[in-house]
Amino acid sequence: MLLIRCPWCGPRDEVEFRYGGQAHIAYPGDPEALSDEEWANFLFMRDNPLGPFRERWYHVHGCRRWFNAVRDTSTHRFVGTYRMDEEPPA
Amino acid sequence: MSRRLGTGGSWIDRSKPLTFRFDGEEYEGFEGDTLASALLANGIIAGFTSPLLDRPRGVMTAGPEEPNAFVEISEPWFDAIVAATMVELVDGLVADPRAGVGRLPDAGEMASVDAAHRHVHVETLVVGGGLAGRRAAAAAAKCGDRVMLVDERHRIDRPPDGVTVLPRTTALGVYDDGYVVAHERSATLERLWHVRATRVVLATGAQERFVAFAGNDRPGVMLASAAATYVERFGVLPGDRVAIFTTNDSGLESADAVRASGADIVHTIGVGEDPSAAIEGVDLLLVSGGWNPNLTLWRSMGGGLRYSRRLATYRPDNVGPPWLEVVGSADGDGLPGSQAHWLEPADDYSEHFVDLQRDQTVADIAQALDAGLVSVEHVKRATYIGTAIDQGRTSGVLAAAIVNQLLGTGPDAQGPSGARPPTVPISYATIAGPDRGDLLDPIRRTRIHPWHEEQGAVFEDVGQWKRPRYFPRDGEDMDPAVARECLAVRNKAGVLDASTLGKIDVVGPDAGAFLDRMYTNRMSTLPVGSIRYGFMLGLDGMVADDGVAMRLGDDHFLLTTTTGNAAMVLDRFEEWLQTEWPALRVYCTSVTEQWADVAIAGPKARDILAAVGADIDLAPEAFPFMTFRDGEVAGIPVRVARVSFTGELSYEILVDGRRGLELWEAVMAAGAPLGITAYGTEAMHVLRAEKGFVIVGQDTDGTVTPDDLGMSWIVRKDESDFIGRRSLRRADSLREDRKQLVGLLPDELLPEGAQLVDEDTGRIPMPMIGPVTSSYLSATLDRPIALAMVERGRSRHGETVYAPLPGGTISAEIVSPVLYDPEGTRHDD
């Protein structure tokens, strides 16, 4: 079970969190201006790297805050977690 | 014949004899014995049989790697199957041999006390109470760490100070970031420990390796170190005429220990001589094929192995997570060097056992290789070697070495197959602990629940809620009760406990703008005091939830959601507000349980409300449909909403939850002379289906757009964006053959989920055109009705479709989903 450092609550068990998929995928400013293909890319296409991955987590059974994390998908090691308004750690 | 020595045995207390039963016979042992040592002390050498070949087997080891001596424990606790080497002897123990396969107990045999779950945090957790583990624990304690030390044996010698020491505790699995689950079991308690440790030290030791030779499974063949353990710890000499076959010096040391206790060592055999020839002339054949570090836990966390030529086995590569380390003989430290000898050459390998608990031999491995397999993992799955209760503790390295040898690839080509938790079997009841029965999931009851119980309501689970399904009178079954409740609503009035509807308070200057983005229709233009029904879509354009919005003020809305989706909708609000639109000034609060909701529906609803006593002008002009008013009913402050899920004139009275029961009782008392009838969720479902009102999650399944439901009117057509809008223009959303909501008039009651076809060809498969989503006996229409999602259904009203079912085919006419009061006049009269 992962130990995840919530930016507000500190390290907590994984069971308190919900996974939110890839981070930094902004909702398009004008969805109507997108082609079907562009819209489908936004809806369905996500990266699946081996290594560091920026992803979203939700502390659903805690402070109920969303935050971002960089996690190495090959080791499960968290490089760091950061608030939605912060820059990802290097 | 007793094999107990006159003296010795560091673990046993000879002043404390114990009585136990094995296989129906009574025996004696001492406190400190294991069941295995007590059986050996009583001269039981061949008390077991093998699972597939029915060969006699005896105790072969003194630890958790035991592949033969499995028992069921029935007193004083229950364990379906466990190695006798790991059972601490207690007075009154009752055990029976099991040939490698456990028996599912009857409910009455199960432990009546739930296993407790304990959660602890420590800086250092040490697994293994041998010398290296105790040293690691003592060193960590000296540094000020909170330290826990667990060991699966019932005794830990010389436990270090300042350390929480748990004997009888098996680490079942090591997981990410220092999370370890351990099982503690004794005659009097059972606990599952959840340990979060900053650092985990695996001092899991090493175990002696077996060698494949003909008859190596016979009773009397024992690991050399196990015999020494029985002598030294338990004062038991497992045999008098002894042969030793060893590939390394430790075998000779074990033989010395046995000799010192009075045994004759009649043969000392090394590599190059066939030990099977020695079996006949002795009563104990000791085997030592070298030592394997115990690395199950290390490997389950992704730790790798490297081959050591000196040890002729695998050591940890020490490339693992930074918080995990391996020490002592588990790391290969101090283990004796060994010749690499796995297999005694022979023409016939059919009695060279590799995995005794699976009755698999070198011949079985050879057969798998002959079939073309080359990977140890594939051989494992073809032969089942390593898949038994002992999880390959004795067979894993041996099987890999034999594969390497038979393939001629060299001893380090392939290591043993993978290992994963749990390291020993554990019952589901232990995993569940106290979380079963009523504690499995929270049970939510409305404030009005006591009244429902008093009235003998039949309840159904809706999410975590208990909702009255119907209120049977005078021994009614469900159908007549539901028919009576439905007719009461249509002809007089019914009352429903709608308190379970999700309710979310949405406040802030941008609340209207936010809800415009979340719902398909425009909420920001809703006048204060009015109500609007809305759909929430997913980004994919599919219906996710429905509900109504009440505008309480310029910056204040109260949203309702379907009962089962309340948490999902609030989570969705939070997700968008926090991740996409943090600038919006909106705050969402769940108020589901703060409000009770008493919903009166039927032609007499207004009269009943008046009779209860309302300080609200109930005249239709003053209080029209889809508005709400604050006021008092029966002297209780309330908010009354004119919405309708039945098609009838309806008033939903929202009240402070704490006064919900009081209001309900006042409504029932005042309504009694007017024929008010309490109704449950089943009547609610029938009444709404008669009106063609969908239930999100029943008539929809996440692939349904508003247009599929014939509800394009709920989707605003202006330029402004809302979640899911763009997806409604995707080619798939515009397909002409999409399934659309229809009503059905069937010959007889259809089962929900039945698939419809255009033509019953009698030959399976037939092209399916869509499922029945809702189906009821309608008392109002005096016939069975249904809703269904049918390909191009909206253009097919009047056509006949068929539901081929095991009991015969039911035909149905496609009609509009609105089967009752299509003009919609009744809710507004």
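Everything in this summary refers to the structure shown in the same document. (Residues numbered from 1 in each chain as written. Chains lettered and ligands numbered in written order. Predicted model: local features only at pLDDT ≥ 70, side-chain atom pairs only at ≥ 80, totals over all residues. Heavy atoms only, no water.)

Time to look at the overall build of chain A. When you go through chain A residue by residue, the secondary structure sums to one helix and six strands. Moving toward the C terminus, one meets the helices and strands of chain A in the order β-β-β-α-β-β-β. Along the longest, intermediate and shortest principal axes, the C-alpha atoms of chain A span 40 × 30 × 25 Å. Taking all 90 residues of chain A together, the buried fraction comes to 40%. Counting contacts in chain A only where the partners sit at least 6 residues apart, residues at least 24 apart contribute 44% of the total. When the accessible area of chain A is evaluated, it comes to approximately 5,100 Å², of which 48% is carbon and sulfur surface. If you average the places of the 11 positive and of the 14 negative side-chain charges in chain A, the two averages end up 10 Å apart. (Helix = DSSP H or I, 4+ residues; strand = E, 2+ residues; numbered from the N terminus. Buried < 20%, exposed > 50% of the residue type's maximum accessible area, 1.4 Å probe, protein only. Contact = heavy atoms within 4.5 Å. Areas by Shrake-Rupley, 256 points an atom, 1.4 Å probe, with all protein chains shown as cover. Lys, Arg positive; Asp, Glu negative; His and termini not counted. Charge placed at Lys NZ, Arg CZ, Asp CG, Glu CD.)

Below, the discussion takes up the interface of chain B and chain A. Frequently, the measure chosen for interface size is the accessible area that the parts lose on association. Contacts between the two partners involve 24 residues from chain B and, on the opposite side, 26 residues from chain A. Interface area for chain B against chain A, summed over the two sides, is near 2,300 Å², with a carbon-plus-sulfur share of 46%. If you sort the residues of chain B by the area they bury against chain A, Asp571, Gln578 and Arg726 of chain B come out on top, with a joint share of 27%. Across the chain B-chain A interface, the total number found is seven salt bridges. (Buried area = accessible area lost by both parts, 1.4 Å probe. Salt bridge = Lys/Arg side-chain N within 4 Å of Asp/Glu carboxyl O.)

Residues and elements named next belong to chain B. One can find Thr430 in helix α9 (residues 428-432). Thr430 gets classed as buried once you look at its relative accessible area, which sits at 3%. There is a polar contact of 2.6 Å between the side chain of Thr430 and the side chain of Glu190. Not counting chain neighbours up to four residues away, the residues in contact with Thr430 comprise Ala115, His117, His183, Glu190 and Leu192. (Polar contact = N/O pair within 3.5 Å; in protein donor to acceptor, adjacent residues only side chain to side chain.)

With that settled, the discussion passes to helix α13 (residues 566-579) of chain B. Residues and elements named next belong to chain B. With 14 residues, α13 extends 20 Å from end C-alpha to end C-alpha; this agrees with the ideal 20 Å at 1.5 Å per step. Counted residue by residue, α13 has 10 buried out of 14 residues, so it is predominantly covered. All of the buried residues along α13 are Ala566, Val569, Leu570, Asp571, Phe573, Glu574, Trp576, Leu577, Gln578 and Thr579. (Expected span 1.5 Å × (residues − 1).)

Tracing the chain through its elements places Asn68 of chain B in the loop between β4 (56-57) and β5 (70-75). Apart from the residues lying within four places of it in its own chain, the contact partners of Asn68 of chain B are Phe48, Arg57, Gly58, Met60 and Leu356 of chain B.

This paragraph deals with the sheet that holds β5 of chain B. All names here are of chain B. Read from one edge to the other, the open sheet built from five strands follows the order β2-β1-β7-β5-β6, with strand pairing classed as mixed. The open sheet has two edge strands with one neighbour each: β2 (25-31) and β6 (79-83). Strand-to-strand twist of the sheet, defined as the mean angle between neighbouring strand axes without regard to direction, takes the value 40°. One ladder, built from three bridges, connects strand β1 (residues 13-22) with strand β7 (residues 93-98); its direction is parallel. When the bridges of β7 are listed, Arg21 appears paired with Val94. (Pairing = 2+ DSSP bridges. Axes fitted to C-alpha atoms, helices over the stretch in contact; angles between N-to-C directions.)

Summed over the entire model, instances satisfying the criterion amount to 56 salt bridges over all chains. Across the salt bridge formed by Arg196 of chain B and Asp13 of chain A, the nearest N and O atoms sit 2.7 Å from each other. Remark: Asp13 of chain A occurs in strand β2 (residues 10-13) and Arg196 of chain B occurs in strand β13 (residues 190-202); the pair is interchain, linking two chains. Comparing Arg196 of chain B with Asp13 of chain A, the two get one shared label, buried. Several salt bridges converge on common partners, so that one network encompasses Arg55, Arg57, Asp217, Glu351 and Asp359 of chain B.

Right, let's get into the packing of aromatic side chains. Residues and elements named next belong to chain B. For the structure on display, the rule yields 24 aromatic pairs over all chains. Considering the side-chain rings of Tyr533 and Phe535, the 5.9 Å spacing of their centres and the 55° angle between planes classify their relative orientation as tilted. Among the residues examined, Tyr533 registers a relative accessible area of 23% and is labelled partly exposed. Overall, the relative accessible area of 0% leaves Phe535 in the buried class. Between the aromatic rings of Trp576 and Trp581, the centroid separation amounts to 5.0 Å while the plane-to-plane angle is 25°, which identifies the pairing as stacked. A residue is classified by how much of its surface remains accessible, and Trp576, at 9% relative accessible area, is buried. (Phe/Tyr/Trp six-rings, centres within 6.5 Å; stacked < 30°, edge-to-face > 60°.)

With that settled, consider helix α6 (residues 362-370) of chain B. Residues and elements named next belong to chain B. Along α6, the positions that sit buried rather than exposed are Val362, Ile365, Ala368 and Leu369. Buried residues of α6 fall within an arc of 120° about the axis and therefore sit on the same side. Within α6, the exposed residues directed more than 90 degrees away from the buried face are Gln367 and Asp370. At its buried positions, α6 is contacted by β23 (353-355), β24 (360-361), α7 (376-383) and α8 (396-407). Trailing α6 by a residue or two, Gly372 shows a phi angle of about 105°, which is positive. (Arc of directions from axis to C-beta.)

Residue and element names in this part refer to chain B. Of note, the bond from Glu75 into Pro76 is cis; its omega dihedral lies within 30 degrees of zero at -5°. Residue placement: Pro76 occurs in the loop between β5 and β6. A cis amide bond, omega 0°, links Ile764 with the succeeding residue Pro765. With respect to the secondary-structure elements, Pro765 resides in the loop between β39 (755-757) and β40 (768-778). With phi around 45°, Arg158 is a residue other than glycine that occupies positive phi space. Assignment of secondary structure puts Arg158 in the loop between β9 (147-150) and β10 (164-166). Taking relative accessible area as the criterion, Arg158 reaches 65% and is therefore assigned exposed. One non-glycine residue with positive phi stands out, namely Ala312, at about 55°.

All names here are of chain B. Relative orientation of the contacting elements helix α11 (residues 478-491) and helix α16 (residues 681-690) amounts to 55°, with a least axis distance of 9 Å. The orientation of α11 with respect to α16, classified from their angle, is oblique. Handedness of the α11/α16 crossing: right-handed. Contacts between α11 and α16 pair Met478, Val482, Glu485, Cys486, Val489 and Arg490 from the former with Glu682, Ala683, Val686, Leu687 and Glu690 from the latter. (Parallel < 35°, antiparallel > 145°, perpendicular 65-115°, else oblique. Left-handed = near helix turned anticlockwise from the far one by under 90°.)

The next point concerns the environment of Ile431 of chain B. Take Ile431 of chain B: it is sitting in helix α9. Separated by 240 residues in the primary sequence, Ile431 of chain B and Arg191 of chain B have C-alpha atoms spaced 9.6 Å apart.

A word on the sheet that holds strand β28 (residues 502-507) of chain B. Sheets are built from strands paired through backbone hydrogen bonds, the pairs being either parallel or antiparallel. All names here are of chain B. One open sheet holds the five strands; their spatial order is β29-β30-β31-β28-β32, and the pairing between them is antiparallel. The open sheet is flanked by β29 (531-537) and β32 (587-590), the only strands paired with a single partner. The sheet shows a mean angle of 30° between the axes of neighbouring strands, direction not considered. Here seven bridges tie β29 to strand β30 (residues 543-553), and the two strands are oriented antiparallel to one another.

What follows covers the packing of α6 of chain B against α8 of chain B. Residues and elements named next belong to chain B. The N-to-C vectors of α6 and α8 enclose an angle of 55°; their axes lie 10 Å apart at closest approach. Between α6 and α8, the angle falls in the class oblique. The two elements α6 and α8 meet at a crossing, and its hand is right-handed. Packed against α6, whose contacting residues are Val362, Ile365, Ala366 and Leu369, the element α8 presents Ala399, Ile402, Val403, Leu406 and Leu407 at the interface. Residue classes in the contact of α6 with α8 are distributed as nine nonpolar, no polar and no charged. (Nonpolar A, V, L, I, M, F, W, Y, C, P; charged D, E, K, R; others polar.)

This next bit is on the state of the cysteines. Put plainly, two cysteines are in a disulfide when a covalent bond ties their sulfur atoms together. Residue and element names in this part refer to chain A. According to the stated counting rule, one finds zero disulfides over all chains in the structure shown. Left unpaired, Cys9 is separated from the closest cysteine sulfur, that of Cys63, by 3.7 Å. With a relative accessible area of 27%, Cys9 lands in the partly exposed category. (Disulfide = S-S within 2.5 Å.)

Residues and elements named next belong to chain B. The buried count for strand β11 (residues 169-175) comes to six of seven residues, which makes it a mostly enclosed element. When β11 meets strand β12 (residues 179-185), the two strands line up antiparallel, connected through six bridges. What sits directly across from Gly173, in β12, is Val181. Connecting the antiparallel pair β11 and β12 is a turn made up of three residues, with Asp177 showing a positive phi of about 55°.

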